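Report on the structure
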Amino acid sequence: MDFRVFKGAEFLTHVEELRSVYVDAFCAPPWNEDEQKAAEFVGRLPGNVRRPGFTAVTAVNDGEVLGFATAWTTLAPFPDDRCYRQAAAGLGTERTLDWLCGAREIDELAVRPSAQGTGLAAALLEAVTADAPKGRSWLLTSVGAPRAASFYRSQGWTQATHPSPQGSGIAVFLGPQHPARTAAAVGL
């Protein structure tokens, strides 16, 4: 397996492979996304690679991209688009600024189904957070995807927000080296 780290626009040379991995990873349950969501992901990439602290990692085996991870530095003021409002509501203003702004935000982690369960996702997650500022990394995941939440917990990530178990909201996870992980709420 060949892992390659990207810090900018050179990541865009792999757009078609990234779209293919995204479709394979997210069009099946529990995500149930469609080709439109994959097109939106690809459409966001040119802007994402210009974000401060942009970092991406691909995993390639025999010329095939089997997975990737993307991340960047969360800037202040904290964003209020996509799922960010839910994250801020769950943490509160002070914790949002202290814990998430200036930290490495994992945006996507995608692995083809044929490579799931092999440790590839864990290796990608570790690679994309390896140089996170002062160990501060975080991500959002859906509470409707219990396998994803379980995976992050198994990798030492701490769930910092706890939406209703029957809800369709998101949960904030702090990375294993994040200094606030011990202050985060634990348990459901």
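Refer to the structure presented above.
Residues numbered from 1 in each chain as written. Predicted model: local features only at pLDDT ≥ 70, side-chain atom pairs only at ≥ 80, totals over all residues. Heavy atoms only, no water.

This part takes up the overall build of the protein. When helices and strands are counted, the protein shows six helices and seven strands. When the helices and strands of the protein are listed from N to C terminus, the series reads β-α-α-β-β-α-α-β-α-β-α-β-β. Over its C-alpha atoms the protein spans a radius of gyration of 16 Å, differing by no more than 12% from the 16 Å that the globule rule assigns to 188 residues. Expressed as lengths along the three principal axes of its C-alpha atoms, the size of the protein is roughly 45 × 35 × 30 Å. Per-residue burial over the protein gives 44% buried out of 188 residues. For the protein, restricting intrachain contacts to residue pairs at least 6 apart in sequence, the fraction spanning at least 24 positions comes to 68%. Accessible surface, the protein: about 9,200 Å² in total, of which carbon and sulfur atoms supply 51%. Charge centroids of the protein, computed over 17 positive and 20 negative side chains, lie 6 Å from each other. (Helix = DSSP H or I, 4+ residues; strand = E, 2+ residues; numbered from the N terminus. Rg over C-alpha atoms; globule rule 2.2 N^0.38 Å. Buried < 20%, exposed > 50% of the residue type's maximum accessible area, 1.4 Å probe, protein only. Contact = heavy atoms within 4.5 Å. Areas by Shrake-Rupley, 256 points an atom, 1.4 Å probe, with all protein chains shown as cover. Lys, Arg positive; Asp, Glu negative; His and termini not counted. Charge placed at Lys NZ, Arg CZ, Asp CG, Glu CD.)

Glancing now at the packing of helix α1 (residues 15-26) against helix α2 (residues 35-48). α2 packs onto α1 with a crossing angle of 140 degrees between their chain directions and a minimal axis gap of 9 Å. Of the two elements, α1 crosses α2, and the hand of that crossing is right-handed. Taken together, the residues of α2 that come into contact with α1 (itself represented by Val15, Leu18, Arg19, Tyr22 and Val23) are Glu35, Lys37, Ala38, Phe41, Val42 and Leu45. Looking at the contact of α1 with α2, its residues break down into eight nonpolar, no polar and three charged. (Axes fitted to C-alpha atoms, helices over the stretch in contact; angles between N-to-C directions. Left-handed = near helix turned anticlockwise from the far one by under 90°. Nonpolar A, V, L, I, M, F, W, Y, C, P; charged D, E, K, R; others polar.)

With that settled, the discussion passes to the nonpolar core. Phe11, Phe68, Trp99, Leu100, Trp138, Val172 and Leu174 are the most contacted members of the largest nonpolar core, which has 34 residues in total. Contributing elements (two or more residues each) for this core: α1, α2, β3 (64-73), α3 (84-91), α4 (93-100) and β7 (170-174). Ranked by residue count, the leading element in this core is α1, at seven residues. The contacts of tryptophan 99, once residues within four sequence positions are left out, are Leu91, Arg136, Ala160, Leu174, His178, Ala180, Ala183 and Ala184. Membership of the second largest hydrophobic core comes to 21 residues, among which are Ala115, Leu120, Val128 and Tyr152. (Core = buried A, V, L, I, M, F, W, Y, C linked by side-chain atoms within 4.5 Å.)

For any two aromatic rings, the description comes down to two numbers: the centre-to-centre distance and the angle of the planes. Under the definition given, this model contains 12 aromatic pairs. The interplanar angle of 80 degrees and the centroid separation of 5.7 Å between the aromatic rings of phenylalanine 26 and tryptophan 31 together place this pair among those described as edge-to-face. In this structure phenylalanine 26 comes out as buried when scored by relative accessible area, which is 8%. For tryptophan 31, a relative accessible area of 30% puts it in the partly exposed group. Grouping aromatic residues by their ring pairs yields a cluster made of Tyr22, Phe26, Trp31, Phe41 and Phe68. (Phe/Tyr/Trp six-rings, centres within 6.5 Å; stacked < 30°, edge-to-face > 60°.)

It is worth spelling out the sheet that holds strand β5 (residues 137-142) at this point. Spatial ordering of the open sheet is given by β1-β2-β3-β4-β5-β7-β6, a layout of seven strands whose pairing is mixed. Edge positions in the sheet fall to β1 (2-6) and β6 (158-159), since each of these pairs with one other strand and no more. Judged from the two bridges that link them, β6 and β7 form a sheet pairing that is antiparallel. Note on β7: the bridge partner recorded for threonine 158 is leucine 174. (Pairing = 2+ DSSP bridges.)

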